[in-house]
Amino acid sequence: LDASLVYVGPLIHREGVPADFGSEQCSRLIYDAVNQWKDLRLVDRFWAQDQLARVDGTPTLDDLLSIARRIRAGRLLSGEVYTWGDSVKVRGVLYDVAHGPDPVREKTVVIPRGDLALAEQRLGQLADSLMLPEPHEAAAVPGITGTRRIDAWQAYDSAHGDLASWDLEAAAAGFRAALARD
């Protein structure tokens, strides 16, 4: 399986979710957000939809993992959309396809109903938080770094960890590595 190939599967749509926050819309926004990372490749959206159409009923996690394996995708990103008071919650889950149904990472965002601009922003943050490891420092968040390469972000984040422990030589080397990779 190829760890740089990501299958963005469907989000399960729970009852009561407004039409403008549907599973397909949220999946597309997450797909577009993941697609901004230059060192990741995505399973073609139309191929994936064709594979889903062959599944009877609502696809299970096993179905999604099977589809991911068929195309040799190393990661599966899926989740669910549901109402929460006067807002919508979107829970995203990242799986390592080789290791099966245990999640690598889960994150949730809350979006006020009807705020589609905020939905796009929050779903982008959700995608980033699923694809990137937890930062060493609060300052090392993806939106601040300005990079769209995961390896550059990881080097930058590692340099922040070195800086926090006062290893200035390692921090300088890490920041240089981040710049070189970007």
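Report on the accompanying structure. Fair warning: this is a prediction, and the values are worked out from it, not measured in the lab. Counting of residues starts from 1 at the beginning of each chain's written sequence and follows it residue by residue. A pLDDT threshold of at least 70 governs which residues receive local features in this predicted model, and a stricter bar of 80 or more applies before side-chain atom pairs are shown or counted, although totals over entire chains, interfaces and linings include all residues. To get the side-chain values, all heavy atoms of the structure are used, and hydrogens and water are removed first.

## Concerning the packing of aromatic side chains
Next, step 1: Working definition: rings of Phe, Tyr and Trp (its six-membered ring) pair if their centres are within 6.5 Å, and the pair is stacked with planes under 30 degrees apart, edge-to-face with planes over 60 apart, and tilted otherwise. A complete count under the given rule lists 1 aromatic pair for this structure.
Next, step 2: Over the face of the ring belonging to Tyr31 we find Arg45, whose NZ or CZ atom lies 4.1 Å from the ring centre.
Next, step 3: A ring has a charge above it when a Lys NZ or an Arg CZ is no more than 6 Å from the ring centre and no more than 35 degrees off the ring normal. The lysine or arginine in question, Lys89, covers the ring of Trp84, its NZ or CZ lying 4.3 Å from the ring centre.

## Quick notes on the pattern of salt bridges
A pair can form between side chains of opposite charge whenever their charged atoms are brought close.
Next, step 1: We count a salt bridge whenever a side-chain nitrogen from Lys or Arg sits within 4 Å of a carboxyl oxygen from Asp or Glu. Tallying each qualifying case throughout the model produces 6 salt bridges.
Next, step 2: A salt bridge links Asp32 to Arg28, with the nearest nitrogen and oxygen atoms 3.0 Å apart. Placement of both Asp32 and Arg28 in helix H1 (residues 23-34) is noted, with a separation of 4 residues, approximately one turn of the helix.
Next, step 3: For the exposure calls, accessible area comes from a 1.4 Å probe over protein chains only, and a residue counts as buried if that area is under 20% of its type's maximum, exposed if over 50%, partly exposed in between. With relative accessibility at 32%, the residue Arg28 sits in the partly exposed group.
Next, step 4: Put simply, Glu106 and Arg91 hold a salt bridge, and the shortest N to O gap is 2.6 Å. Taken together, the residues Glu106 in strand S5 (residues 103-112) and Arg91 in strand S4 (residues 87-96) connect sequence positions 15 residues apart.
Next, step 5: Under the relative-accessibility criterion, Arg91 is labelled partly exposed at 24%.
Next, step 6: Each of the salt bridges in this network shares a partner with another, and the network as a whole consists of Arg28, Asp32 and Arg45. For the purposes of this entry, the term helix denotes a DSSP run of H or I that reaches at least four residues, the term strand denotes a run of E that reaches at least two, and both are numbered from the N terminus.

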